[in-house]
Amino acid sequence: MVLWGREREQAKIEALIAQAGGGRSGSLILRGEPGIGKSALLDHAARSSEGMRQLRGTGIETEAELPFAALHLLLRPALDRIGRLPAPQARALEGAFGLAAAPEDRFLIGLAALSLLTELAEDGPLLCLVDDAQWMDRSSAEALLFAARRLHSEGIALLFAARDGFHAPGVPELRLQGLDRPAAGDLLHEHTPGLGPAVRERILAASGGNPLALIELPRLPDSLQHAQEPLPLPRRIQEAYEARIAVLPPDSQTMLLVAALDDAGDLDVVVRAAGKLGVDAAALGPAERAGFLSIAGGCLSFGHPLMRTAAARRAAYDERLAVHGALAGALDDEQDADRRAWHLAATVTGRDEPIAAALEQAAGRARERAGHAAAAAAMERAARLTPQPAERARRLALAAEAAADAGALEHAQVLADQTRRLADDPLTLARLAGLRGRIAFDRGAVHDAHRILLDGAASVADLDRKGAALILLDAVRNAWYLSDPAAVAESAARLAGLPLTPEDGLDGFVRAARAMADFLAGDLDRALPPFRELIAVAGAIPSGMSALRISICSLAGISGDFDNGLGIAQSVIEECRADGMIGLLPLAQAVLAIHQMYLGRFRDAVMTATEGRLLATDIGQTHRVAHFESVLAMVAAVQGREQDCRELAERTIAHVTAHPVATIVGWAEWALGLLDLGQGRFEAALERFDAAARGPLRHQIMPIYFVPDQIEAAVRLGRPARAAQPLARFESWATAARHPWADAVLHRCRALLAHDDEAERHWEQAARSHADANRPYERARTDLLYGEWLRRARRKNDSRTRLRSALETFERVGARPWAERTRAELRAAGETLAQGAPDLVASLSPQELQVVRLAATGATNREVAAQLFLSPKTVSHHLYRAFPKLGVTTRTELARLDLG
């Protein structure tokens, strides 16, 4: 089959297929207008991959509200292998397809789809073709795109064909344009060689190079071929199809309409529904011979999606109502309850409570299967059919929640606004307030979100005290992100005023909310004890309450308890991986990366943040992406990677400018100041630290934690007076926090500002306190500064001891600017430096290091893949690349290496 004028596109597809044949994976979206040739190129891909296993699926416009319909169609030939997947993934995929209990996390289904495709690719290269991707249900699209972005070394080629409107960030695409004049002429001559010159020129001009138009327009009646008024594509193509349908026998036209309005291509259902309209199955014959329908394996399919559109579009409204009723009557009440409910809904024009109730049940089943977009659509339609206003408001509120869960925030806002105008039930309005607050926060209107939450809690406080308390806890967190002491205090005071009882189980969190207000107000002695109370009981909180434990982990970071915070975060991440809670995982990873950074475990922080950023990008958590980039900026500052640091920090600052979440920007500002300090730009560093400490961040923990850097910059500039206020700020916090590492850093700051004997007393106390702390990077910073002080005091032997210890740590963590400064001090102290051994681990990428560490524990490739949301072949690829860098040849040798 010749594809005129598509040589470039065919070459791109053939390269993708050849790449899969060689063991590397890839994906591509063919994008263009209807009729431009996307499906033909998919057919070319199928012909070009002879010998490869193929899976083929399509999005069907009438199935767009059925969760995982398209994914099920694509993976149906592989369902017998679900049992080979890790248990959480197998349960998720079975739940998505209605074969078992519902999945706990909709993104886990994407991982399960990747694993199932990888399982098939174990038998050889695999080609997956998805046509009309713009009509896939949202759940299927999310799952397949999640898988597509994580393809690497499995030998899988995933090819989508889609019109505009199919949003697929991170997946390469190839846009199809109309054929050039010579190719269009060749195609037209091939299909209609006998056209007169005038008609030929008119069709070439009217088609715009659209291949389907070049094929279909010559079939128009002469009156349309010669008409003076141009018809816009794709309407003129539909006109061509409608003209061809009009000459079919009446029963065949009805049969086409039934097939067009059916949502599954089920031949048996279509024939039964047509029978209810008095049409015999023989009516399929003329439609099939005319090229509109094809029948294979009990399934009906249209020759082109526009044929389906044309068949439905030309029918009168009452005809469509009758066909939907016949289809509903042809479907089983139990097995096809969802499809039946949608067809019934299409038969009514007014209110109908029984049908609305059936749609609500369909929405519930969709929600149980993590099909939030489908649930939103079904619940919204149910609301429109509901006679009673109060019940209509309740269903609209549920539709808004489902739309928000699906990520459709703008539509969720529209539905929420409609509910507010209709509802008068306080509980419904309070539930709506929580949703509206969440939408406002996610859209960057953080101040609006706070006021919405306060008003919502007030409206329900007398009816549902625990519900009001949970809304107010959200308000406290929201105000904390704003770094607004007055808003936190107001929310905490309202929370404390609720008549809660011990049975509500919120006492500790009420005290913590009050403590957050105390913290922002500067009363650290009152603030930190309630935080410590919650940290102490974190291990007793049930594993199913992961989000609560993450909140406690954040409090550990504020109170300086990084060791306990690290353990809590790691336990939550293990739970998220084991149970497949992908939606919660980025938040847990963000908190873990921060604790790793504070503890000086910079490689671990980069590894965690790199994985988390990829996952957060995949699932659209933009705040988390900024969070990870701020952590990566901090590590880049420590390691002296100036360009990386500035790019990451500036992206974070730009994000926060549009979405005022003050807590995220703190690390970005600190990173830029630390970068200047490490590069010896002390004036710039001090100005940045001072400005940050005066701005919106002044109430947060970051201006406390960067005080040691602020003081060092002031001392190196010879301006100790500018260190007085920062020192008082850090001293107040360290005294309340009561951690050895904080005591050590406090004595370091005092030593920098003291003289002679008093300075040495602080240096020695700092060294003793560091011995009881787990902060090697901070200890190295102290050893460097102490070593410099000793050298200036002409105590070179003592100086070299401190400096050698500092250098060893700086080299191990990759803190290049600090290592270079330490080497200079050592040389000035009379040390002759030998070339150190190369750091082999530093040559690994973050993901290679993560894979190698897990492999060193004895985990198999499949076990490592399940933990890291990769395929086993990708794990194998990373090990293949890592072994030569580490100088090993077998997995058993990994256990003997120091992998940090």
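Remember, predicted model here, so these are calculated numbers, not experimental data.

Asks: Sorry, what's going on with empty space enclosed by the protein here?
Replies: Rolled over the atoms, a probe sized like a water molecule indicates the empty space that remains. Tallying each qualifying case throughout the model produces four cavities of 30 Å³ or more. The space that makes up the largest cavity amounts to roughly 220 Å³. Lining the largest cavity are 20 residues, and of these Tyr598, Trp670, Arg775, Tyr777 and Glu778 lie nearest its centre. At the level of secondary structure, the elements contributing two or more residues to the lining of the largest cavity comprise α30 (585-598), α32 (622-638), α34 (662-678), α37 (707-716), α39 (740-753) and α41 (776-792). One number sums up the size of the second largest cavity: a volume of about 100 Å³. Together, Leu85, Pro86, Gln89, Ser115, Thr118, Glu119, Glu122, Arg862, Ala865, Ala866, Leu870 and Pro872 line the second largest cavity. The set of elements that each furnish at least two residues to the lining of the second largest cavity consists of α5 (106-121) and α45 (861-868). When its residues are assigned to classes, the lining of the second largest cavity shows six nonpolar, three polar and three charged.

Asks: Quick question: what am I supposed to make of a negative patch on the surface here?
Replies: On the surface, a cluster of negative charge is made up of Glu7, Asp180, Asp186 and Glu190. You can call Asp180 partly exposed: its relative accessible area is 47%.

Asks: How do you make sense of the pattern of salt bridges when you look at a structure like this?
Replies: Where charged atoms from two side chains of opposite charge approach closely, those side chains can pair. Under the defined criterion, the tally for this structure stands at 62 salt bridges. The residue Arg244 makes a salt bridge to Glu216 at a minimum N-O spacing of 2.8 Å. Placement of the pair is Arg244 in helix α11 (residues 235-246) and Glu216 in helix α9 (residues 211-216), with a sequence separation of 28 residues. The same class applies to Arg244 as to Glu216, namely buried. Linking Arg549 and Glu575 is a salt bridge whose minimum nitrogen-to-oxygen distance equals 2.7 Å. Residue Arg549 is located in helix α28 (residues 546-558), and its partner Glu575 is located in helix α29 (residues 562-579); the two are separated by 26 residues in the primary sequence. For the residue pair Arg549 and Glu575, the accessibility class agrees, reading buried in each case. Each of Asp709, Glu712, Arg716, Arg781, Glu788 and Arg821 takes part in one network of salt bridges that share partners.

Asks: Even after reading the chapter, I still don't get the pairing of strand β7 (residues 299-302), so can you show me in this structure?
Replies: Walk down a regular strand and you will see the side chains alternate between the two sheet faces. By the alternation rule, side chains of β7 split into Leu300 and Phe302, which are all buried, and Cys299 and Ser301, of which none is buried. Note: strand β6 (residues 293-296) against β7, four bridges, orientation antiparallel. Note that in β7 the partner of Ala296 across the bridge is Cys299. What sits between the antiparallel neighbours β6 and β7 is a turn of two residues, in which Gly297 has the positive phi angle 60°.

Asks: How should I be thinking about the sheet that holds strand β2 (residues 53-58) in this particular structure?
Replies: Strands in a sheet are paired, the pairing made by backbone hydrogen bonds, and the direction either parallel or antiparallel. Within the open sheet, the five strands sit side by side as β2-β3-β4-β1-β5. Their pairing is parallel. Each end of this open sheet is capped by a strand with a single partner; those strands are β2 and β5 (173-175). Between one strand axis and the next, the sheet turns through 15° on average, direction left out of account. Relative to strand β3 (residues 126-131), β2 runs parallel, the two sharing six bridges. Looking at the pairing, Gly57 lines up with Val130 of β3.

Asks: For this particular structure, what's the right way to read unusual backbone geometry?
Replies: The phi torsion of most residues other than glycine is negative, and most of the peptide bonds are trans. One non-glycine residue with positive phi stands out, namely Phe68, at about 65°. Along the chain, the position of Phe68 falls in the loop between β2 and α3 (69-75). Unlike most non-glycine residues, Arg738 shows phi in positive territory, near 60°. Along the chain, Arg738 falls in the loop between α38 (724-737) and α39.

Asks: I tried to follow the side chain of Thr874 on my own but got confused; where do I start?
Replies: Relative to the elements of secondary structure, Thr874 occurs in helix α46 (residues 872-886). Of the residues examined, Thr874 reaches a relative accessible area of 1% and is grouped as buried. A polar contact of 2.7 Å, which involves the side chain of Thr874, links it to the side chain of Glu154. In contact with Thr874, other than residues within four places in its own chain, are His152, Ser153 and Glu154.

Asks: What's the story with the packing of helix α31 (residues 602-618) against helix α44 (residues 846-856) in this structure? I'm lost.
Replies: A pair of packed helices can be characterised by two numbers: the angle between their axes and the separation between those axes. Between α31 and α44, whose axes approach to 9 Å, the crossing angle comes to 105°. If you check the angle between α31 and α44, you find them roughly perpendicular. Contact residues: α31 offers Arg603, Asp604, Val606, Met607, Thr610 and Glu611, while α44 offers Pro846, Leu849, Gln850 and Arg853. Taken together, the residues of the contact of α31 with α44 sort by class into four nonpolar, two polar and four charged.

Asks: Mind showing me how you'd approach the packing of aromatic side chains here?
Replies: What characterises a pair of aromatic rings is the spacing of the ring centres plus the angle enclosed by the ring planes. Tallied over the full model, the rule gives 18 aromatic pairs. Centroid distance Tyr598 to Tyr705: 5.0 Å. Interplanar angle 75°. Geometry classified as edge-to-face. You can see Tyr598 sitting in helix α30 and its partner Tyr705 sitting in helix α36 (residues 702-705), a full 107 residues away along the chain. Overall, Tyr598 belongs to the buried group, its relative accessible area being 7%. Plain terms: the ring middles of Tyr705 and Trp733 are 5.2 Å apart, the flat faces sit at 85° to each other, and that makes the pair edge-to-face. With Tyr705 in helix α36 and Trp733 in helix α38, this residue pair connects regions lying 28 residues apart in the sequence. Residue Trp733 is classed as buried on the basis of its relative accessible area of 0%. Among the aromatic side chains, those forming a connected cluster through ring pairs are Phe562, Tyr598, Trp670, Phe689, Tyr705, Phe706, Phe730, Trp733 and Trp741. In this arrangement the basic side chain of Arg775 is found over the ring face of Trp741, its NZ or CZ atom lying 4.2 Å from the centre. The lysine or arginine in question, Arg781, covers the ring of Trp818, its NZ or CZ lying 4.2 Å from the ring centre.

Asks: What am I meant to see in the nonpolar core here?
Replies: Nonpolar side chains tend to gather and get buried jointly when the protein is soluble and globular. Core analysis: the biggest nonpolar cluster contains 198 residues, and Leu71, Phe160, Phe166, Phe519 and Trp733 have the highest contact counts within it. In contact with Phe166, not counting residues within four places along its chain, are Ile29, Arg31, Ala133, Gln134, Met136, Ala141, Leu145 and Phe160. Grouped together as the second largest cluster of nonpolar side chains are 47 residues, Ala274, Leu306, Val323 and Leu331 included.

Asks: I would appreciate a short explanation of helix α16 (residues 317-330) in the present structure.
Replies: Quick reminder: α-helices carry 3.6 residues per turn. Residues three or four places apart thus point the same way. The end-to-end C-alpha distance of α16, which contains 14 residues, comes to 20 Å, matching closely the 20 Å that a straight helix rising 1.5 Å per residue would cover. All buried positions along α16 are accounted for by Leu321, Val323, His324, Ala326, Leu327, Ala328 and Ala330.

Asks: What am I meant to see in the environment of Leu158 here?
Replies: Residue placement: Leu158 occurs in strand β4 (residues 156-162). With residues near it in sequence (within four places) discarded, Leu158 still touches Leu16, Gly26, Ser27, Leu28, Cys128, Val130, Leu144, Ala148 and Leu151.

Asks: So what exactly am I meant to see when it comes to the packing of helix α27 (residues 524-537) against α28 here?
Replies: Between α27 and α28, the shortest axis-to-axis distance is 9 Å and the interhelical angle comes to 130°. In this view, α27 runs oblique relative to α28, as classed from their interaxial angle. Seen from above, α27 lies across α28 with left-handed handedness. Between α27 and α28, the residues in contact are Phe531, Leu534 and Ile535 and Ile552, Leu555, Ala556 and Ile558, respectively. For the contact of α27 with α28, the per-class residue count stands at seven nonpolar, no polar and no charged.

Parameters and conventions
- Residues numbered from 1 in each chain as written.
- Predicted model: local features only at pLDDT ≥ 70, side-chain atom pairs only at ≥ 80, totals over all residues.
- Heavy atoms only, no water.
- 1 Å grid on protein atoms, 1.4 Å probe; cavity = no way out; pocket = protein on both sides within 12 Å on 5 of 7 lines; lining within 4 Å.
- Points joined across faces, edges and corners; volume = space filled by probe spheres on them.
- Helix = DSSP H or I, 4+ residues; strand = E, 2+ residues; numbered from the N terminus.
- Nonpolar A, V, L, I, M, F, W, Y, C, P; charged D, E, K, R; others polar.
- Patch = residues over 30% accessible without salt bridge, like charges linked within 9 Å, V, L, I, M, F, W, Y side chains within 5 Å.
- Areas by Shrake-Rupley, 256 points an atom, 1.4 Å probe, with all protein chains shown as cover.
- Salt bridge = Lys/Arg side-chain N within 4 Å of Asp/Glu carboxyl O.
- Lys, Arg positive; Asp, Glu negative; His and termini not counted.
- Charge placed at Lys NZ, Arg CZ, Asp CG, Glu CD.
- Buried < 20%, exposed > 50% of the residue type's maximum accessible area, 1.4 Å probe, protein only.
- Pairing = 2+ DSSP bridges.
- Axes fitted to C-alpha atoms, helices over the stretch in contact; angles between N-to-C directions.
- Polar contact = N/O pair within 3.5 Å; in protein donor to acceptor, adjacent residues only side chain to side chain.
- Contact = heavy atoms within 4.5 Å.
- Parallel < 35°, antiparallel > 145°, perpendicular 65-115°, else oblique.
- Phe/Tyr/Trp six-rings, centres within 6.5 Å; stacked < 30°, edge-to-face > 60°.
- Lys NZ or Arg CZ within 6 Å of the ring centre and 35° of its normal.
- Core = buried A, V, L, I, M, F, W, Y, C linked by side-chain atoms within 4.5 Å.
- Expected span 1.5 Å × (residues − 1).
- Left-handed = near helix turned anticlockwise from the far one by under 90°.

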